[in-house]
Amino acid sequence: MAFKQDFLWGGATAANQYEGAYLTDGKGLNTSDVMTVGSATKSRSITWRNLKTGETGSNPAGWGGPTRVVPEGTVPADVAGYYYPSHEGTDFYHHYQEDIALMGEMGFKTFRLSMNWARIFPTGEEDQPNQAGLDFYDRVFDECKKYDIEPLVTLSHYETPLALAINYNGWASRKLIALFEKYATTVIKHYQGKVKYWLTFNEINCMEVAPFVARGVIDGTAQNKAQAAHNQLVASAKVVKAAHALDPAIQIGQMLAYGPLYAYTCDPEDQIKVMEGMQRTLFYSDVQTGGHYPAYQWKRYEREGIKLVDRPEDYDLLAQYPADFLSFSCYGSNVVTTHEETAKSDGNLGQGGIKNPYLETNAWGWATDPEVLRLALNTLADRYHKPLWIVENGIGWADEIAADGKVHDDYRIKYLQANIGSMERAVDLDGIDLMGYTMWGCIDLVSAGTGEMKKRYGFVYVDRDDAGQGTLKRMPKDSFYWYKKVIANNGADLSE
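A.B. asks: For the packing of aromatic side chains, give the residues involved together with the corresponding values.
C.D. replies: Any two aromatic rings considered together are summarised by their centre-to-centre distance and by the angle between their planes. Across all of its chains, the model carries 37 aromatic pairs by this definition. Ring centres of Trp117 and Phe180 lie 5.4 Å apart, and the angle between their planes is 75 degrees; on these two criteria the pair is classed as edge-to-face. Of this pair, Trp117 sits in helix α3 (residues 117-120) while Phe180 is found in helix α6 (residues 175-190), placing the two residues 63 residues apart along the sequence. For the pair shown, Trp117 and Phe180 are each scored as buried. Relative to Tyr315, the ring of Tyr293 has its centre 5.6 Å away and its plane inclined at 70 degrees; by these criteria the two rings are edge-to-face. On the criterion of sequence distance, the pair formed by Tyr293 in the loop between α9 (268-288) and α10 (295-304) and Tyr315 in helix α11 (residues 312-320) is long-range, its members being 22 residues apart. Its relative accessible area of 10% is what places Tyr293 among the buried residues. Aromatic ring contacts, followed pair by pair, group Phe3, Phe7, Trp9, Phe108, Tyr437, Phe459 and Tyr483 into a single cluster. Lying across the ring of Phe121, Lys182 places its NZ or CZ 5.0 Å from the centre. Of note, Arg456 hangs over the ring of Tyr461, and the distance from its end group to the ring centre comes to 4.1 Å.

Listed below in structure tokens is the structure:
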């Protein structure tokens, strides 16, 4: 048997894409609450207001977009006349019992969800937490316990209280270290005995390409992004220290966005491009899980003229309180090259960069790589020697209800067969210490990248469209029953 008997099979969601109830029971605005719907061809936007003139508008919020996400003299704001998918998501807030029952029916051992920071501290600066927010998550965790589902909770998943973005430029300010520590220690203590596994920041390395989306940084200069990353790394170490002091059984993990990079050619310059790309990703885990700033990062900062606002004790904290385990998202691999013109003439320049001619892609340009998880797991295990947990993996597709009233998502089953098979080989052949697997978007939710409902990931179909219309009725897809069987046999049989 490849997977250990206590292997944590489950699914994953994020509050800003799923929870809804964006101002219910005292919740404050998050950065995600001012982001509009987009599509595969149109970027999401961040809406803004000029507080002096009252003028409003919107700016593209694409990944890798402009340095400053709203014009000078304006602030991100909830503006009438725009559709914000996070405001209702797929309404987990009012459907949590139904959804967790469906997870229980599939046999989930774990459920990864995130908490809305602004549901607990609406502006991020309150002295006392919002009791209604605490009560909601108490109900959620109590419901999980009914089905013997272990929660895995992300403290910050692509949402920062909007007030902190406006007042401090988000995580670019060291002030957020103490505010996040207060929030984290409040909830970890409150849910002691109900939640054992926590993640601090979702895909912390996405600071590089989406500083506002990921961390509330409005003015995302290279200096501000570096400072924001440092502040988060220090905050994470402080949370590890506080959690271990409260209860040594509590485990605090890192969450990294990871995908292996392949060189398009055997040109040594392409190999260097792969190495440099991996350094930009693995810097975050080198610090948060490894405990130390790597020399290559200091040299990068030296070249770019970046000087951190830091303290000597920051580095002691990082060394003494690294993450207990490394969790990561991995949807597929990517290809890089210094020969883009050649790649283009070969017909291989895809939506996300260089298309891999050996892999099949979906409508959004995402490829299915049948060996991606084995490669990812071995790379991370060899580098960090810590337990690993795959907490996001899945495929978005424009699922449709067939004439027989069902959703036949054989493409999702095919994708998962390839990926779980790759994961199984890493465990069985390579001896990787793998804690669990949580498929992304187990109940249909809003896509973070495009804001669409059309781009669906779940085992459960939710009646909701890109304009926010629909009954929110839940319906299991074919993949629901397939995954139920996989969990029941602990991954020993992946056949349909």
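A.B. asks: Any chance you could break down unusual backbone geometry for me, citing the residues and the numbers?
C.D. replies: The phi dihedral of Asp25 falls on the positive side, at around 55 degrees, and the residue is not glycine. With respect to the secondary-structure elements, Asp25 resides in the loop between α1 (15-18) and β2 (45-49). With a phi angle near 55 degrees, Asn490 is a residue other than glycine that sits in the positive phi range. Under the relative-accessibility criterion, Asn490 is labelled buried at 9%.

So, how was this worked out
Residues numbered from 1 in each chain as written. Predicted model: local features only at pLDDT ≥ 70, side-chain atom pairs only at ≥ 80, totals over all residues. Heavy atoms only, no water. Phe/Tyr/Trp six-rings, centres within 6.5 Å; stacked < 30°, edge-to-face > 60°. Helix = DSSP H or I, 4+ residues; strand = E, 2+ residues; numbered from the N terminus. Buried < 20%, exposed > 50% of the residue type's maximum accessible area, 1.4 Å probe, protein only. Lys NZ or Arg CZ within 6 Å of the ring centre and 35° of its normal.

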